[in-house]
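Overview (structure and organization)
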Amino acid sequence: MTDLLVRLYDLPTVAPRPAVAERGIVIRRAMAAERHVVLAWIVAQFGPAWRSEAARAFTRPVTTLWIAVKDQAVIGFACYDCTMRGFFGPTGVDPAARGLGVGEALLFATLHDMRAMEYGYAIIGGVGPEAFYRRSLDVIAIPGSDTGIYGGMLHSPGDGPPDP
């Protein structure tokens, strides 16, 4: 898996797809008081390793984790400055909500937030769904990043997303 580089200084302004708002889905910054709810959802959907990364978003003076909410329930999240400063991710959307524009809305909310925090570039590390990012952004694959920052990371049984 390769790392991707994103220029934040010329991000397109993207409004959420109509399907997001029409379905009552709200994209917003997570509040510190929601930490336990958001992190429990992340563990249930994607495993304990992603919880470790996402938990760091709540330690920042301004939370760096964005959520998608429908009917008072989390259906997606995206964060930055968790594994390393300047890194976007992890991010994930409930399988039942995929294809509705939720991932794209979370991606742009998070990247625009990074730009507002004076980042010029973002790194999307260890990219899985590269086609998703290439559809939405003008990204550059970072040469030699195949193992990236995750290469020597410790793992425990159950890390990562559950098998489909």
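Quick caveat: nothing in here was measured; it's all calculated off a predicted structure. (Residues numbered from 1 in each chain as written. Predicted model: local features only at pLDDT ≥ 70, side-chain atom pairs only at ≥ 80, totals over all residues. Heavy atoms only, no water.)

Viewed as axis vectors pointing N to C, helix H2 (residues 35–46) and helix H3 (residues 48–57) meet at an angle of 150°, and their least axial separation amounts to 7 Å. By the angle class used here, H2 and H3 are roughly antiparallel. In the crossing of H2 with H3, the sense of the turn from one axis to the other is right-handed. Mapping the contact onto sequence places Arg35, Leu39, Ile42, Val43 and Phe46 in H2 and Pro48, Trp50, Arg51, Ala54 and Ala55 in H3. For the contact of H2 with H3, the residue count by class is eight nonpolar, no polar and two charged. (Axes fitted to C-alpha atoms, helices over the stretch in contact; angles between N-to-C directions. Helix = DSSP H or I, 4+ residues; strand = E, 2+ residues; numbered from the N terminus. Parallel < 35°, antiparallel > 145°, perpendicular 65-115°, else oblique. Left-handed = near helix turned anticlockwise from the far one by under 90°. Contact = heavy atoms within 4.5 Å. Nonpolar A, V, L, I, M, F, W, Y, C, P; charged D, E, K, R; others polar.)

Let's shift gears to the nonpolar core. Generally speaking, soluble globular proteins have nonpolar side chains that are buried together. If you look at the biggest cluster of nonpolar residues, it comprises 29 residues, and the most contacted ones within it are Val6, Leu111 and Leu137. Among the elements that line this core, the one with the most residues is helix H4 (residues 102–116), at seven residues. Setting aside residues no more than four positions away along its own chain, Val6 makes contact with Leu11, Leu111, Gly120, Tyr121, Ala122, Ile124, Leu137 and Val139. Judged by nonpolar contacts, the second largest core, of 19 residues, contains Ala49, Phe77, Cys79 and Cys82. (Core = buried A, V, L, I, M, F, W, Y, C linked by side-chain atoms within 4.5 Å. Buried < 20%, exposed > 50% of the residue type's maximum accessible area, 1.4 Å probe, protein only.)

All right, on to the confidence of the model for the chain then. When pLDDT is averaged along the chain, the result is 89, and 92% of the positions lie at 70 or above. Predicted confidence in the chain is weakest over helix H1 (residues 18–22), with a mean pLDDT of 79, and strongest over strand S4 (residues 73–80), with 98. (pLDDT = per-residue confidence, 0-100.)

A separate point is unusual backbone geometry. Omega for the bond connecting Gly89 with Pro90 falls within 30 degrees of zero, at 5°, which places this linkage in the cis form. Within the fold, Pro90 resides in strand S5 (residues 87–93). Of note in this structure, Asp81 is not a glycine but carries a positive phi near 60°. Residue placement: Asp81 occurs in the loop between S4 and S5.

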